[in-house]
Amino acid sequence: MKTGRVFLVGWLLIFPCLWSGYGSSAEDALARLYAQGNSAYQKSDYAAAEQYYLQILNAGAENGAVYYNLGNACFKQKKLGNAIYYWEKAQQLNPADRDVRENLQLANLMIVDRIETPPDPLPFRFLASIQDILSIRQQSWLVLALFMGANLFFTLYLTLKSRNAERAVIASLVFGILFILFAGSLAWKVYQRDYSRRAIVIEQKADVRSGPGQENISVFTIHEGIKVRVLGAAGGWYQVSLPNGWNGWLPQNYLRIL
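Owing to the predicted nature of the structure, the values given are computational and were not obtained by experimental measurement.

## Focus on the pairing of strand β4 (residues 227-234)
Turning to step 1, where the next piece is worked out: Direction of pairing for strand β1 (residues 198-201) relative to β4: antiparallel, over a ladder of three bridges. Pairing of R198 across the sheet is with R229, part of β4.
Turning to step 2, where the next piece is worked out: Bridging between β4 and strand β5 (residues 237-241) involves five bridges; their strand directions are antiparallel. Across the sheet, residue G232 finds its bridge partner in β5, namely Q239.

Written as structure tokens, this is what we have:
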């Protein structure tokens, strides 16, 4: 569980408009909810802690520490799917948070479904590892720095002579290659955020059907905590796809969109 008031700084930086009409009273109200949630959690009243943390999110203020604590509260109540969902949300905001990563690793070991998929090629694994470390904002700044570095060293190459020029062009090539790799990773991350919807199954056991409706046959069964890709929606149902390529339909209330 994460404690303290430092989490409020993130909200003030990310959502300055939220505070313009409320000032310190809104900050104090959220801080009280956070403290009440932490107090309830420490007293093992995990249901109450969950409700306090949800009130913070419902107020429109997102924060990795709140999502992390909310995941912990759900995990203590044996709500594996919800716990994984909230930890995934925490990781989106704080990709380098070790506690979040370790909790997700532990929770994923508890998922009933084991879907075997071939490993991705090495370049894709490298890009995926970058995505797990940096947020979109951090990676955007890194891409900009690499682009400027490549151009700076190329400019030096054009102005210098002899051996120093060779070093400058090598440095420019290194920065250029890194720029391409990180820019590709950033583009993929933005695409996943904006166009490739992912979701966590929160129903303990769910029958995936051949069409959007209970009248359709069940094609396979999955369990809470598994991450799926959302392909479409119709009549209160989502069409989902598993990492192994299986797809079908689930009621929308069985899922939480990331």
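Here the narrative resumes.
## Points about the packing of aromatic side chains
Turning to step 1, where the next piece is worked out: Within this structure, the stated rule accounts for nine aromatic pairs.
Turning to step 2, where the next piece is worked out: Centroid distance F154 to Y157: 5.8 Å. Interplanar angle 40 degrees. Geometry classified as tilted. Here F154 pairs with Y157, and both are found in helix α9 (residues 136-159), just three residues apart, close to one helical turn.
Turning to step 3, where the next piece is worked out: We classify F154 as partly exposed; its relative accessible area is 40%.
Turning to step 4, where the next piece is worked out: In textbook terms, an aromatic cluster arises when at least three aromatic residues are bridged by ring pairs, as seen for Y67, Y85 and Y86.

What counts and how
- Residues numbered from 1 in each chain as written.
- Predicted model: local features only at pLDDT ≥ 70, side-chain atom pairs only at ≥ 80, totals over all residues.
- Heavy atoms only, no water.
- Pairing = 2+ DSSP bridges.
- Helix = DSSP H or I, 4+ residues; strand = E, 2+ residues; numbered from the N terminus.
- Phe/Tyr/Trp six-rings, centres within 6.5 Å; stacked < 30°, edge-to-face > 60°.
- Buried < 20%, exposed > 50% of the residue type's maximum accessible area, 1.4 Å probe, protein only.

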